[in-house]
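Descriptive structure summary
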Amino acid sequence: MIRFNDTYIIGIDHGYGNLKTANTVTASGVKVHDIEPPFKKELLEYDGKFICIGENHKSFTADKTTDMDNYYLTLYGIAKELSLAGITEANVHLAVGLPLMWYSEQRDRFSEYMMQNENVEFIYNNKRYSVHIEGVSVYPQGYCAVYDRLKDMSGVNMIADIGNGTMNIMKVIDHKVITDSCRTEKLGVEKCVIEIRNAFMNKFHEDIDESIIKKFLMNTEQELPQEYENVMRYCTEEYCKSILNALYKYDYNSRLMKLYVVGGGAVVMNNYNINPPNATFITDICANAKGYESQARRRLRKGANDKDNKSQA
């Protein structure tokens, strides 16, 4: 969260696996109840509904405005950032993002979806919040995560932003994004999770809880039978190879390009030593949310300066 005059800029990355703000990561599952549930941790109360956040993750959908889930997640993200600062009333400017291939088509609709209530009140973990949404900025995913590195991107560069549902790809040539190079592939980390679960069913005739897989992919210490770990490692390496194959399909050349990998996929590839030459792994999965905030601050600052210049003319 960044303060700009009397406004708090809050960046929110609506991932299919996790909701990310600049300082928090929460599984993006949403479960709506008409009556108060027995377990109240991470509970949002809004519009007469009780909304549990984080128990699972959100299913893939190409349009993030088709239901209320992402709006609930937005209120939750606002609450998480404000609660860290001990604030319950605020003017907020939202900074959010969309996958590259859907950005132009869905940008206005997503902005309207975020602005459906200019003034909104809700309760998060028994504390009431009153928020005035002053505006919304929508940015392309991936681009904002590497914006502060553009000055270093001379020559030909490729960016791969790998989330839970999608991989967004773009080229940057001599510090400039090549718009025609932007692509979105359904090659997010969830694909690896599905492959592991299928492999377990085929080899051991049993299911495996997704939380165990996620810990393995994040290289979190846990005790596992060696034969289980071998299957997960094989599937993970095959998934990482499929990422590289997709990049090669879009003319990636490790000898002539620098590669920047962002998001949860960057963590997985880095953990399991899938390291092509000239590759940089940006393993901060909040990088997009932080980038959204920085971009929105630049926009608001420019708008304020332009307004001052006009008033002085």
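Here is a short report on the structure shown in this document. (Residues numbered from 1 in each chain as written. Predicted model: local features only at pLDDT ≥ 70, side-chain atom pairs only at ≥ 80, totals over all residues. Heavy atoms only, no water.)

**Things to note about the overall build of the chain**
The condition is simple: The numbering of helices and of strands both runs from the N terminus, where a helix is a DSSP run of H or I of at least 4 residues and a strand a run of E of at least 2. Radius of gyration here is computed from C-alpha atoms only, and the compact-globule reference equals 2.2 Å multiplied by the residue count raised to the power 0.38. Partly exposed describes any residue whose relative accessible area lies between the buried limit of under 20% and the exposed limit of over 50%, with all areas from a 1.4 Å probe on protein chains only and scaled to the type maximum. Between two residues, a contact is recorded if the distance between any of their heavy atoms is within 4.5 Å. Accessible surface area values rest on a Shrake-Rupley calculation with a 1.4 Å probe, where residue burial reflects the displayed protein chains alone.
Along the backbone of the chain there are 7 helices and 15 strands. The C-alpha atoms of the chain give a radius of gyration of 21 Å, which matches the 20 Å a tight globule of 313 residues would have. In terms of overall dimensions, the chain has a C-alpha envelope of 65 × 55 × 30 Å along the principal axes. Here the chain holds 313 residues, and the buried ones make up 51% of them. At a minimum sequence separation of 6, the contacts of the chain that also span at least 24 residues come to 65%. Total accessible area on the chain stands at roughly 15300 Å², and carbon and sulfur atoms take up 45% of it.

**Side note on the nonpolar core**
Spelled out, the test is: Remark: nonpolar core denotes a set of buried residues (Ala, Val, Leu, Ile, Met, Phe, Trp, Tyr, Cys) joined through side-chain atoms within 4.5 Å.
In terms of nonpolar packing, the biggest core is built from 37 residues, with Ile162, Met167, Leu217, Leu247 and Met269 touching the most fellow members. Those elements that place two or more of their residues in this core are strand S11 (156-162), strand S12 (167-173), helix H3 (189-204), helix H4 (210-217), helix H5 (226-249), strand S14 (257-262) and helix H6 (264-271). Counting residues per element, this core draws most heavily on H5, at 10 residues. Dropping the residues within four chain positions of it, Leu247 is found in contact with Met158, Ala160, Met167, Ile169, Tyr252 and Leu259.

**Notes on the pairing of S12**
Applied cut-off: A strand pair is defined by DSSP finding two or more bridges across the two strands.
Burial analysis of S12 places 6 of its 7 residues in the buried class, which makes it a mostly covered element. Sheet topology places S11 next to S12; 7 bridges connect them, and they run antiparallel. Across the sheet, the residue bridging to Ile159 is Met170, located in S12. Hairpin connection from S11 to S12: 4 residues lie between these consecutive antiparallel strands. One ladder, built from 6 bridges, connects S12 with strand S13 (residues 176-185); its direction is antiparallel. When the sheet's bridge partners are listed, Met167 is paired in S13 with Glu185. Connecting S12 to the next strand, S13, in antiparallel fashion are 2 residues, including Asp174 with a positive phi near 50°.

**Focus: the pattern of salt bridges**
Where we set the bar: A carboxyl oxygen of Asp or Glu within 4 Å of a side-chain nitrogen of Lys or Arg is what we treat as a salt bridge.
In this structure the tally under the stated criterion is 14 salt bridges. A salt bridge links Asp63 to Arg109, with the shortest nitrogen-to-oxygen separation between them at 3.2 Å. With Asp63 in the loop between strand S7 (49-53) and helix H1 (69-84) and Arg109 in helix H2 (residues 100-114), this pair connects stretches of sequence that are 46 residues apart. Across the pair Glu229 and Arg233 runs a salt bridge whose closest N-O atoms are separated by 3.6 Å.

**Regarding the pairing of S7**
Taken residue by residue, a regular strand's side chains alternate between the two faces of the sheet. Here S7 lies mainly inside the structure; 4 of its 5 residues are buried. Looking at chain direction, strand S5 (residues 30-33) and S7 are connected through 4 bridges and run antiparallel. Across the sheet, Lys31 pairs through a bridge with Cys52, a residue of S7. Bridge count between strand S6 (residues 43-46) and S7: 4 bridges; the pairing is antiparallel. Looking at S7, one finds that Glu45 is bridged to Phe50. Connecting S6 to the antiparallel partner S7 that follows it, the hairpin turn spans 2 residues, and Asp47 within it adopts a positive phi of roughly 55°.

**A closer look at the sheet that holds S12**
How we decide: Every axis in this analysis is a line fitted to C-alpha atoms, fitted for helices over the stretch in contact. Angles between the N-to-C directions lie between 0 and 180 degrees.
In space, the 5 strands of this open sheet follow the order S13-S12-S11-S14-S15, with mixed pairing throughout. Each having just a single partner strand, S13 and strand S15 (279-282) make up the two edges of the open sheet. Strand-to-strand, the axes of this sheet are offset by a mean angle of 15°, without reference to chain direction.

**Observations concerning the environment of Ile213**
As for its position among the elements, Ile213 is in helix H4. Looking at Ile213, the relative accessible area reads 0%, which means it is buried. C-alpha of Ile213 to C-alpha of Met170: the two residues are 43 residues apart in sequence and 29 Å apart in space. Setting aside residues up to four positions removed in sequence, Ile213 forms contacts with Val193, Ile196, Arg197, Ile208 and Met232.

**Comments concerning the side chain of Ser137**
Short version of the rule: A 3.5 Å cut-off defines polar contacts: any pair of N or O atoms within that distance qualifies, except that in protein one atom must be a possible hydrogen donor and the other a possible acceptor, and neighbouring residues in sequence count only when both atoms are side-chain atoms.
Residue position: Ser137 is located in strand S10 (residues 127-140). Judged by its relative accessible area of 2%, Ser137 is buried. Side-chain polar atoms of Ser137 contact the side chain of Arg299, separated by 2.5 Å. Not counting residues within four places of it along the chain, the set of residues in contact with Ser137 comprises His93, Leu94, Ala95, Val96, Ala296 and Arg299.

These values are about where atoms sit, not about what they do.
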